[in-house]
Every structure is written in structure tokens, then in C-alpha cells.
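Chain by chain, the residues:
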Amino acid sequence: MNSWGGYGINQINQLSNTHMASVIYRESDDETLIKASLSGDRLAFTEIVNRYSNMVARTVKGMIGDSMVAEDVGQEVFIKLFSSLKHFRGESKLSTYIHRIAVNLTLNEIKKTKRISQPSLSDERDSLRQMQVSGDDQIERNETKELVEKALQMLEPKYRSVIVMRMLHGYDTRETAEALGLPTGTVLSRLSRAQEQMRNILKKL
Amino acid sequence: MKPAELLKLIESGLRPEGRADLLSVRMRSEGVDYAFSKGFTDKVISRISEGVVVVNRQLDFARSLNSIFYRVAFAGVAAIIILLISIFISEGSLSLNSLVGISHDLDEGLIGLLTVN
């Protein structure tokens, strides 16, 4: 008898090999994963997606907001990464490369949807007043998240990306410059203007 | 967190010399963090697989078109070579006159050709 529980021995071997491969890939470095992905190993690319999805989510959702559009942009980031992986020369870190794709695609999406009117400050104040009812910790955390999200949405996109890198990723100026592909001086000036804008927005909220 | 508190926190972390790493940790503890929905990875992989299938189909079509082109080109070249050999055998040379088929006419002038008979 060569089958067990409806599975043939080859399928069982294949499943255990798949499991083994994903366990091995979980501990592999980026270079190994890239090489394996380029040779057509889907599990290796799955590991890349798993490894960097939270990072991309912070960038995309931080800039666009927690929405279905952000989910789509997130998917596009990894599809773009997959198609351009053969051009990745390893001169920078994979995370930096992914950051740049994520920021560019997000800025494109923001440009596309720019015509859709942004929420006015008075609307924001009303919704925040409605939120400030319960003292429950979880609700307060949600309120903070919503407050940050709304403030970010009101920032100019180029300032938004700098703030997201600092505030959500915890990057210093050099890391922010690297992730965005900008000179350090530009990051510093954008940071200062972003801070000013953020101050005005939060004071009004 | 109130807007004023949040502003103070953000300003402390956003200064060039400020600790952005501490700010991000604090933000996460305040619930300001993002992740994609469940099944995100599967969606990405299935979209990539669909794309790969389409690309492979396009590649197959291009490859078959390429092989058809080579077959036609080889057949054409073979026909030209056979034609040249047959002209050489029948005419004894591959001069322009032989190729055009007027090598046997003595008078090569146009009027001669038109009035010889």
C-alpha cells in the first residue's frame, strides 16, 4: 500500500520538503532568499513577503491610511519587487530597496487620488470630539492611532514620507535618507518643515 | 493620548538629534502600528503566479512565432540557392543577363531586343 490518509508517498515527501524548506528559509539571509527566488523558488519569495510585509504596511498605511487601497498598494509593492528582483544588484540592503519601491508606489497612489477632497479640519475636530467619550484603554489607543493617521493625512506627501520613516520605523536621519533615496540635507529640511506642519495640524485638532 | 501630548512626543522624536527609535517604540505601545490583513502573503503569491502564467503564455507565443520565422527564412534561402544553381547549369554563368534571362540575345540594345524578330 503506497498511500496514507489519501496522500501518496510522493505528496507526503513533497509536503515535508515544503515544510522543511520554509523552516530553512525562515533562518536564511536575504541574499539566499533572493537567489532562491530568482531560480523560481516560490517559498523563498513567500519568506521575503512574510519578512517585510509589516515594514511595508507601516510605510504604505502610514502614508495612505489604514484602507483597502493601502492593501492593494502593499500587494503592488511585492509584485514590483518580484519583477525587478533580477535588477537588484545588492549594493544596498533589500529593506532599503523595498522601502524605495513602497514610497514611490505610495506617492504615485496619492497623486492619483489627489483629486478626491481631503477631510476638512472642522470635520476632524467633530469626529475627534465624538471619539473622546470613553476612558477605556483600547479605545484611547485607537483614538491615538486615528489622531496620528488624520494628522499624517493632512501633511504634504513628501513630508509624510519623512515623518513615517522617523515615527513609525524609528529611523535616524541617515537611515531615512537612505530609505527615501534623498540627500541628508533634504531630509533635515523636510523634517523641520514637517514638524512645523504637524505642530499646526495637531494644535488645530 | 491628547493632541497636545502627542505633539510633545512627536516633537521630541522628530528633532534631528532626537531618538526616533524610542519614538517609534512609544508609538507602537500607544497602538500606532500597521499590518496587512490576514492572507496578505497568499494574495501576493497568487497574483504573482497569475502574472507568471500570463508571461509564460506570451513567451510561448513569441517562441513559436520565432520558430515559424526561421522555418520560412530557411525555406526561402534554400529556394534562392536552388534557383541560382539551376540558372548556372542552364545558362553557364550567373551574370545579370543570365539572371534576367536574355543571355542568348546577341543584340543587347533595347531596340534590337524589340525589333529582332
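Structure's up top.
Parameters and conventions
- Residues numbered from 1 in each chain as written.
- Chains lettered and ligands numbered in written order.
- Predicted model: local features only at pLDDT ≥ 70, side-chain atom pairs only at ≥ 80, totals over all residues.
- Heavy atoms only, no water.
- Contact = heavy atoms within 4.5 Å.
- Buried area = accessible area lost by both parts, 1.4 Å probe.
- Salt bridge = Lys/Arg side-chain N within 4 Å of Asp/Glu carboxyl O.
- Polar contact = N/O pair within 3.5 Å; in protein donor to acceptor, adjacent residues only side chain to side chain.
- Axes fitted to C-alpha atoms, helices over the stretch in contact; angles between N-to-C directions.
- Helix = DSSP H or I, 4+ residues; strand = E, 2+ residues; numbered from the N terminus.
- Parallel < 35°, antiparallel > 145°, perpendicular 65-115°, else oblique.
- Nonpolar A, V, L, I, M, F, W, Y, C, P; charged D, E, K, R; others polar.
- Expected span 1.5 Å × (residues − 1).
- Buried < 20%, exposed > 50% of the residue type's maximum accessible area, 1.4 Å probe, protein only.
- Arc of directions from axis to C-beta.

1. Side note on the interface of chain A and chain B
Contact with chain A, which involves 46 residues of that partner, is made by 36 residues of chain B. In terms of surface lost to chain B, no three residues of chain A exceed Gln75, Arg166 and Met167 of chain A, which account for 15% of the buried area on that side. Here chain A is connected to chain B by three salt bridges. The closest approach of N and O atoms between Glu76 of chain A and Arg47 of chain B, which form a salt bridge, is 2.4 Å. For the pair chain A and chain B, the number of links is 11 residue pairs in polar contact (both at pLDDT 80 or more).

2. Considering the packing of helix α2 (residues 30-38) of chain A against helix α3 (residues 42-64) of chain A
Residue and element names in this part refer to chain A. Where α2 contacts α3, the axes come no closer than 8 Å and their chain directions differ by 135°. When the axis of α2 is compared with that of α3, the two are oblique. Taking contact as the criterion, the partners of Asp30, Leu33, Ile34, Ala36 and Ser37 in α2 are, on α3, Ala44, Phe45, Glu47, Ile48, Arg51 and Tyr52. The residue inventory of the contact of α2 with α3, partitioned by class, reads seven nonpolar, one polar and three charged.

3. Points about helix α10 (residues 184-204) of chain A
Residues and elements named next belong to chain A. Taking 1.5 Å as the rise per residue, α10 with 21 residues should run 30 Å; its terminal C-alpha atoms sit 30 Å apart, in good agreement. Those residues of α10 that sit buried are Val187, Leu191, Ala194, Gln195, Met198, Ile201 and Leu202. Taken around the axis of α10, the buried residues stretch over an arc of 135°, which confines them to a single face.

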